[in-house]
Amino acid sequence: MNAKWIGAIFVLVSCGGFGFSIAHSYRQRERLLHQLLNALEMMASELEYRLTPLPELSRKAARDTCGVLRVVFLNLCRELDWQSEPDAGSCMRAAMEKCPDLPACLRRPLRLLGQSLGCFDLPGQLQGLKSVQDACRREIARLERNRDVRLRSYQTLGLCAGAALVILFV
């Protein structure tokens, strides 16, 4: 009888944990987008006032970010230093390919960033950074819409699925 209840508790905790992990990954995507937005603002000010070269700009962005964004910006810096690709857009694609765990919500803004950096004059690059910032803001707004209700639903669904399995097995 004890083994049954221990198994039931494990099933309930694991299903509930799955719901909580989905909610955590949702919050993590939102945090990463905020980090990218801050890095883009720093890049725009560096370009506008200091005309920082792209490899140094990506190094500074890597210092200001953490996690998967830091890895992407460090990979971009290496790609730009080695000049293994002909332009910044190709270097960004190569840097993103080296990060398989990059969330899908970051791929589009980073691709836009790679297309706008190094391809235009200074006003064009600043305009490109502004459009990438706008894309990040739209994605953040999409994620924040009904966020609390959605996250509570994920957590509740995990716990309810666990409870349903416990009822079926016991």
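One numbering rule holds for all chains: residues counted from 1, following each sequence as written. A pLDDT threshold of at least 70 governs which residues receive local features in this predicted model, and a stricter bar of 80 or more applies before side-chain atom pairs are shown or counted, although totals over entire chains, interfaces and linings include all residues. To get the side-chain values, all heavy atoms of the structure are used, and hydrogens and water are removed first.

Trainee: In this structure, what is going on with the side chain of Gln-133? I would like to understand it.
Mentor: Only runs of H or I of at least four residues qualify as helices and only runs of E of at least two qualify as strands under DSSP, and these elements are numbered from the N terminus. If you trace the backbone, Gln-133 turns up in helix H6 (residues 122-144). Only protein chains enter the accessibility calculation, which uses a 1.4 Å probe; a residue is then buried when its area is under 20% of its type maximum, exposed when over 50%, and partly exposed in between. Judged by its relative accessible area of 10%, Gln-133 is buried. Here Gln-133 is in contact with Leu-37, Leu-40, Glu-41 and Ala-44, once residues within four sequence places are set aside. By the convention used here, residues are in contact when the closest approach between their heavy atoms is within 4.5 Å.

Trainee: How should the packing of helix H1 (residues 2-50) against helix H2 (residues 54-64) be read in this particular structure?
Mentor: Each pair of packed helices can be described by the angle between their axes along with the distance between the axes. To obtain each axis, a line is fitted to C-alpha atoms, and for helices this fit is confined to the stretch in contact; angles are then taken between N-to-C directions over 0 to 180 degrees. Contact geometry of H1 with H2 gives a least axis separation of 10 Å together with a crossing angle of 145°. Seen along the crossing, H1 lies across H2 with a hand that is right-handed. From H1, Ala-39, Met-42, Met-43, Glu-46, Leu-47 and Arg-50 reach across to H2, where they touch Leu-57, Lys-60, Ala-61 and Asp-64. Broken down by class, the residue content of the contact of H1 with H2 amounts to six nonpolar, no polar and four charged. When the near helix sits turned anticlockwise from the far one by under a right angle, the crossing is termed left-handed; a clockwise turn instead gives a right-handed crossing. Throughout this entry, Asp, Glu, Lys and Arg are counted as charged residues, while Ala, Val, Leu, Ile, Met, Phe, Trp, Tyr, Cys and Pro are counted as nonpolar. The remaining residues, Gly among them, count as polar.

Trainee: Is there a simple way to explain helix H7 (residues 147-169) in this structure?
Mentor: Every α-helical turn comprises 3.6 residues, leaving residues that sit three or four positions apart pointing alike. To estimate how far a helix should extend, the number of its residues minus one is multiplied by 1.5 Å. Over its 23 residues, H7 extends 33 Å from the first C-alpha to the last, a length consistent with the 33 Å expected when each residue adds 1.5 Å. Along H7, the residues that are buried comprise Leu-151, Gln-155, Gly-158, Gly-162 and Val-166. On its buried side, H7 packs onto H1.

Trainee: Even after reading the chapter, I still don't get the packing of aromatic side chains, so can you show me in this structure?
Mentor: The geometry of an aromatic ring pair is captured by the separation of the ring centres together with the interplanar angle, meaning the angle of the planes. Ring pairs are drawn from Phe, Tyr and Trp, using the six-membered ring of Trp, whenever the two centres fall within 6.5 Å, and their geometry is named by plane angle: stacked under 30 degrees, edge-to-face over 60, tilted for the rest. Applying the stated rule across the entire model yields one aromatic pair. Considering the side-chain rings of Tyr-26 and Tyr-154, the 6.4 Å spacing of their centres and the 65° angle between planes classify their relative orientation as edge-to-face. Linking Tyr-26 in helix H1 with Tyr-154 in helix H7, this pair joins segments that are 128 residues apart in sequence.

Trainee: Which parts of the structure should I look at to understand the nonpolar core?
Mentor: Nonpolar side chains in soluble globular proteins tend to be buried together. Ranked by internal contacts, the top residues of the largest apolar core, which has 40 residues, are Met-43, Phe-73, Leu-106, Leu-110 and Leu-113. For this core, the elements supplying multiple residues, two or more each, are H1, H2, helix H3 (68-82), helix H4 (88-97), helix H5 (104-116) and H6. Here this core takes twelve residues from H1, the largest share from any one element. As used here, the term nonpolar core means buried Ala, Val, Leu, Ile, Met, Phe, Trp, Tyr and Cys residues forming a set that is joined through side-chain atoms within 4.5 Å.

Trainee: Can you help me understand the pattern of salt bridges in this one?
Mentor: A side chain with one charge may pair with a side chain of the opposite charge, provided their charged atoms come close. Between Lys or Arg on one side and Asp or Glu on the other, a salt bridge is scored when a side-chain nitrogen of the former is within 4 Å of a carboxyl oxygen of the latter. A full pass over the atoms with the stated rule returns twelve salt bridges. Its salt-bridge partner being Lys-130, residue Asp-134 comes within 3.5 Å of it at the nearest N-O pair. Of this pair, Asp-134 and Lys-130 both sit in helix H6, four residues apart, roughly one helical turn. Accessibility expressed as a relative area gives 27% for Asp-134, which makes it partly exposed. Lys-130 gets classed as partly exposed once you look at its relative accessible area, which sits at 43%. Close ionic contact of Arg-142 with Glu-139 constitutes a salt bridge, the shortest N to O distance being 2.5 Å. With Arg-142 and Glu-139 both in helix H6 and three residues apart, the pair spans about one turn of that helix. Overall, Glu-139 belongs to the buried group, its relative accessible area being 18%. Linked by salt bridges that have partners in common, Glu-41, Lys-130, Asp-134 and Arg-137 make up one network.

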